[in-house]
Amino acid sequence: MTFEEALTFELEQLPGLSGSVYPVFESGRAEPYVVYQSSEGRRTKALDGYKEGRVVPCELHVIAKRYGDLKQYVRDVIDALISFEGRIIGEDGPHVQELTYEEPVELYEEKPKLYRCVIEFDVYY
């Protein structure tokens, strides 16, 4: 299982987000939903060369119709992210050694009338 598959699996276990986690932004999704962006990351390197581990930068966008709902989803998502450290994520995904996240940024989007929170984080596995 890839990191992105494992991330999707973990986040879809959260209340209200089953089947609502997507790899890229597309309009027309029913709220609430989470969109993520990541990459293959970069391989870690030591004095003797590249290792199997990776550092993967990620960005999550949590979207909800009501501000109170957004706050709860963001709390749940951050708790889930923190729980990744020191364990295998997903059914058979990578073993996360460390995860660090930046302060979440909340926005209101007038045109679609939706609340958004952006969470940037780095995963080391």
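Within each chain, residue numbers correspond to sequence positions counted from 1 in written order. Side-chain atom pairs in this predicted model are given and counted only at pLDDT of 80 or more, local residue features only at pLDDT of at least 70, and totals for whole chains, interfaces and linings cover all residues. Derived side-chain values reflect all non-hydrogen atoms in the structure, with water molecules and hydrogen atoms excluded from consideration.

**Structural notes on the environment of S83**
Put simply, the test is: Runs of H or I in DSSP of at least four residues are treated as helices and runs of E of at least two as strands, each being numbered from the N terminus.
Along the chain, S83 turns up in helix 2 (residues 67-83). Separated by 73 residues in sequence, S83 and E10 place their C-alpha atoms 10.0 Å apart.

**Concerning the pattern of salt bridges**
Put simply, the rule reads: Here a salt bridge means any side-chain nitrogen of Lys or Arg lying within 4 Å of a carboxyl oxygen belonging to Asp or Glu. Per-residue accessibility, obtained with a 1.4 Å probe over protein chains only, is compared with the maximum for each type, and a residue is labelled buried under 20%, exposed over 50%, and partly exposed between these values.
Within this structure, the stated rule accounts for eight salt bridges. We note a salt bridge from K51 to D48, for which the minimum N-O separation is 2.7 Å. Judged by its relative accessible area of 32%, K51 falls in the partly exposed class. Linking E106 and K71 is a salt bridge whose minimum nitrogen-to-oxygen distance equals 2.8 Å. With E106 in strand 8 (residues 105-109) and K71 in helix 2, this residue pair connects regions lying 35 residues apart in the sequence. We classify K71 as partly exposed; its relative accessible area is 30%.

**Describing the side chain of E59**
Stated formally: In this tally, Lys and Arg are treated as positive and Asp and Glu as negative; His is ignored, and so are the chain termini. Each polar contact in these results corresponds to two N or O atoms within 3.5 Å; when the atoms are within protein, one needs to be able to donate a hydrogen and the other to accept it, and residues that are neighboring in sequence are counted only if both atoms are side-chain atoms. By the convention used here, residues are in contact when the closest approach between their heavy atoms is within 4.5 Å.
Along the chain, E59 falls in strand 4 (residues 49-64). Salt bridges are absent for the buried E59, whose nearest opposite-charge side chain, R116, sits at 7.2 Å. Looking at E59, its side chain comes within polar contact range of the side chain of H61, at 2.7 Å. Those residues in contact with E59, other than ones at most four positions away along the chain, are V35, Y36, Q37, V118, I119 and E120.

**Observations concerning the environment of D69**
If you trace the backbone, D69 turns up in helix 2. Between the C-alpha atoms of D69 and P32, which are 37 residues apart in sequence, the distance is 8.5 Å.

**A closer look at the packing of aromatic side chains**
By convention here, two paired aromatic rings are described through the distance between centres and the angle between planes. Basically, it comes down to this: Pairing of aromatic rings covers Phe, Tyr and Trp, the last counted by its six-membered ring, and requires centre-to-centre distances within 6.5 Å; plane angles under 30 degrees mean stacked, over 60 mean edge-to-face, and any other angle means tilted. Placement of a positive charge over a ring is assigned whenever Lys NZ or Arg CZ falls within 6 Å of the ring centre and within 35 degrees of the normal to the ring plane.
By the definition in use, this model includes four aromatic pairs. Judged by centre distance (5.5 Å) and plane angle (55°), the rings of Y67 and Y115 are tilted. In this pair, Y67 sits in helix 2 while Y115 sits in strand 9 (residues 114-124), placing the two residues 48 residues apart along the sequence. Measuring from ring centre to ring centre gives 4.7 Å for Y108 and Y115, while their planes differ by 50°; the resulting arrangement is tilted. Judged by its relative accessible area of 23%, Y115 falls in the partly exposed class. Within the aromatic cluster, the residues linked to one another by ring pairs are Y67, Y108 and Y115. Over the ring of Y22 we find R29; its NZ or CZ atom is 3.6 Å from the centre of that ring.

**Quick notes on helix 1 (residues 3-11)**
Turning to helix 1, its buried residues are F3, A6, L7, T8, E10 and L11. Along its buried surface, helix 1 packs onto strand 1 (21-22), strand 2 (33-37), strand 4, helix 2, strand 5 (87-88) and strand 9.

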